[in-house]
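So the chains spell out like this:
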Amino acid sequence: MKMKTWMRWTGRTLAAAGIVLLAGCATPKLADVQKVQNDEAAYLVFSALGREPARQQAAERIAARAFEKIQGKRPASPDIGLEDWTDYVEALSRTIEIDRDAYKTAPELKTIKDTQVIAEFIRRNPDVLKLDGATALPAWGEDLATAKAVVSQLTEQVAAAIREAEQQAKAQNWGAAYLAVLDALDKSPKSAAILKTARQFQQKFVDTMVADMGKALDQVQAIEGDFGTKKSSLDKVAAAEQSLSDVIGRLDAVDQVLRDQRLPISDKKALATLTSQRAKILSVSAATWAESIRLHAAAQDYWTGYQLTRSTLTQIAAIAALRDSDAAARVLEAYRLTVEDAVRHLLELANDAFYNDRFGLAFIASRMSREFYDFALAQSLELPASVATLVGQADQTAADVTARVENLVARRLLITDFVPAVTEDYENLGFQIRTRCRYLSLPGNGIAWGLDVPAPKSLTPESIGSRMPTDILLSGIMEKKVNVDIVPPVELERGYQEVGTDRIVEVPNPMAGLKDGAPKIAYQQEIHLYPWIKTVHRKQARIAVKVSREQPNMPVTQVYYLDDVFPNEQMSFKDLAVESEELTYQPLVVGAPRIASSRAALTIDTPPTGKAPDLAPDDEIKRAVINHVMDQIIGGIQNAAAQFPVEVLGKAALTQQAAGQARDAANSWGHFLVYIRQLVSAKTELPESWLTQQEILAETITQWNEERWQKFPPEILKELPNAWPHAAETYQAAKAE
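Parameters and conventions
- Positions within a chain are numbered from 1, following the residues in the order the chain's sequence is written.
- Residue-level local features of this predicted model are given only where pLDDT is at least 70; pairs of side-chain atoms are given and counted only at 80 or more, and the full residue set underlies all totals for whole chains, interfaces and linings.
- For side-chain calculations, the full set of non-hydrogen atoms in the structure is used, while hydrogens and water are omitted.
- Geometry is summarised by axes, namely lines fitted to C-alpha atoms with helices restricted to the contacting stretch, and by angles between N-to-C directions that run from 0 to 180 degrees.
- The secondary structure listing takes helices from DSSP runs of H or I that are at least 4 residues long and strands from runs of E that are at least 2 residues long, numbered from the N terminus.
- Angle categories: roughly parallel below 35 degrees, roughly antiparallel above 145, roughly perpendicular from 65 to 115, and oblique for all the rest.
- By convention, the crossing between two helices is left-handed when the near helix turns anticlockwise from the far helix through less than a right angle, and right-handed when the turn is clockwise.
- Only heavy atoms matter for contacts: two residues are in contact if any of them lie within 4.5 Å across the pair.
- Note on residue categories: nonpolar means Ala, Val, Leu, Ile, Met, Phe, Trp, Tyr, Cys or Pro, charged means Asp, Glu, Lys or Arg, and polar means any other residue, Gly included.
- Throughout this description, buried means an accessible area under 20% of the type-specific maximum (1.4 Å probe, protein chains only), exposed means over 50%, and partly exposed covers the range between.
- By this rule, a helix spans an expected 1.5 Å times one less than how many residues it contains.
- Note on bend: the value at a residue is the angle between axes fitted to the seven residues ending there and to the seven starting there.
- Whenever a carboxyl oxygen of Asp or Glu lies within 4 Å of a side-chain nitrogen of Lys or Arg, that contact is scored as a salt bridge.

At their nearest, the axes of helix α12 (residues 268–298) and helix α13 (residues 302–318) sit 7 Å apart, and the two run at 165 degrees to each other. In terms of axis orientation, α12 runs roughly antiparallel to α13. As α12 runs across α13, the sense of the crossing is left-handed. Listed contacts from α13 to Trp289, Ser292, Ile293, His296 and Ala297 of α12 are Tyr302, Thr304, Gly305, Leu308, Thr309, Thr312, Gln315 and Ile316. Class assignment of the residues belonging to the contact of α12 with α13 gives a composition of 6 nonpolar, 7 polar and no charged.

Structure below.
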């Protein structure tokens, strides 16, 4: 073969081979696939290729769509629906089935010739067709964990409710058993077993209630026939109330069964009986309470009837079955019929006590009368006009009582001249204190009531005249008059002050020739040094005062004593100069001269002058000390005056009450209340209603316990806000004596 021919043949052959090679390189393989639109196909492809990140992404997208569909079945509340939550857990626990042929229809794989790799991978790994959503999608896994926790919690709660129901059933507490099983049914409403148990317990409960109510009605209706007649008595009413009490306490449970729509009562006959008996129970209950109020009024025990009215209304308001009945209206009507007789009777008792000088008892009875009326008004009850007239008379009796109690608590605070009465250092200290304490006896001060503070120019034990047992005598002794002394001065520090004089002369400049441009001459200034000493000067005052308290037939007691030096922590003299600095200068000495390149750079200073101490005059310091002492003494007097109602009246009332001396205790409580009301009314305009006044007085006493009476034992103070309940209680007990 010629060379040219061989080369042509060879070239064609190589060209053809090249075409074949190029065609082989253009055929795509599975390994070249980077993206597949269909998520299930992508999942299979990338699983077969072992590309984990791409496989996980596809799995997450598949799981997200499935999770979205499952979430549509998620129960709304985690507190109920055990069966629904269980179904939801099962739905979340099921694996996602992957279509094994999904890759065959993927457009991206149509030109791929080695897809058998995928089929072979699926054959060897069949589990790849089951995708765990909780593993693939974090939100899925979290929701599954939450749902399992809800199922576990509801399962335990249902089991606990069933256990409680069974325990109550064993004790034949069918109402409690029924309510417990209803709780289980709420949490597991699709449970046929729980529903069956609930109906059983419901029937038992209804049967029991029918029997109990019937028994109570039989007992009470035998007594009810005597209501309103002479055969009726408080003993019979008490027997009726005893028979009714247990059933009344269970009316709420009956009412709940009748109204509960979760499990309507299927026994229509029992339901009709229960409804009828319930209505009769409510009617008999109201009649019993009304009869009790009537009988207490007939026995002139009006206050007990009033308290029964209030407690009964509270009970009615607390029980739904009673609240929805006419029981409250019937009780209030029974009360309304007693008001006029009660007000008149208590007014008579108040007047009798007043004329027998038992003013505390008179006040309590008059306020009881007023409270009867105020409560009726608060309940919008219509009363005869005559009742308002009687109440007006009761108010007048209370006013008369107040005037008499003021005489009983009247006392003088006698502050005698201090010894020595007058010196050259201060005026009459006793007179100044008397004058400043006058406000304690003025109307409207709100601190003391019935207290008189005479304030003549001079008051000595000899000039007082006859003393009353209630008089309080305060006498003071100035054991040491106010002395103001100079404290030895204390040196604080030393130093010197440099002063440039006007003696300035020209001298050769030592820098000339050493520094470029330095002038040939300089200026020298003579310097004077003034040594100085800083010293602090102080004044101090000393006083010794003793104040004693004396009452007839009582030992003298020391109420205030002061022997101290000022200033101190209690009195700093912040407005007076009792400390001052002195600055003194010693004779001058000549110091090292100043040298400057220009005359303007040297200043001529003014020679210093000293500073003398500037302390307050002795008279001003003495007056400040006296004012401080007076403030402390007057503060103590004010505290003593403010403590009077506890110290004298409240303590007596509690002591007598503890000893069983009801009449004396009530009288003391009445005095205490009159006194406190006067103090409060001096600062606050009190309303007419005694109901409201009680609340204001109790709140004020609580406040004063903390502000005025801290020194008294807590066991006394805690009882004072209950002064009115104590007063009413001891008054009632006194009537029985």
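Right, let's get into the environment of Ala399. Within the secondary structure, Ala399 sits in helix α17 (residues 385–408). You can call Ala399 partly exposed: its relative accessible area is 39%. Between the alpha carbons of Ala399 and Ser366 there is a distance of 9.9 Å; along the sequence they are 33 residues apart.

Now for helix α15 (residues 327–355). Over its 29 residues, α15 extends 42 Å from the first C-alpha to the last, a length consistent with the 42 Å expected when each residue adds 1.5 Å. At Val339, α15 shows its largest bend, some 40 degrees. Count one or two residues on from α15 and you reach Asp357, which has phi positive near 60 degrees.

According to the stated counting rule, one finds 35 salt bridges in the structure shown. When the shortest N-O distance is used, the salt bridge between Asp395 and Arg370 registers 2.6 Å. Here Asp395 is found in helix α17, whereas its partner Arg370 is found in helix α16 (residues 359–378), with 25 residues between them in sequence. Under the relative-accessibility criterion, Asp395 is labelled partly exposed at 27%. In this structure, Arg434 engages Asp417 in a salt bridge whose closest nitrogen and oxygen atoms are separated by 2.9 Å. Residue Arg434 is found in helix α18 (residues 429–437), and its partner Asp417 is found in the loop between β3 (411–415) and α18; the two are separated by 17 residues along the sequence. Looking at Asp417, the relative accessible area reads 11%, which means it is buried. Counted as one network, the salt bridges with shared partners bring together Arg367, Arg370, Asp374, Asp395 and Glu688.

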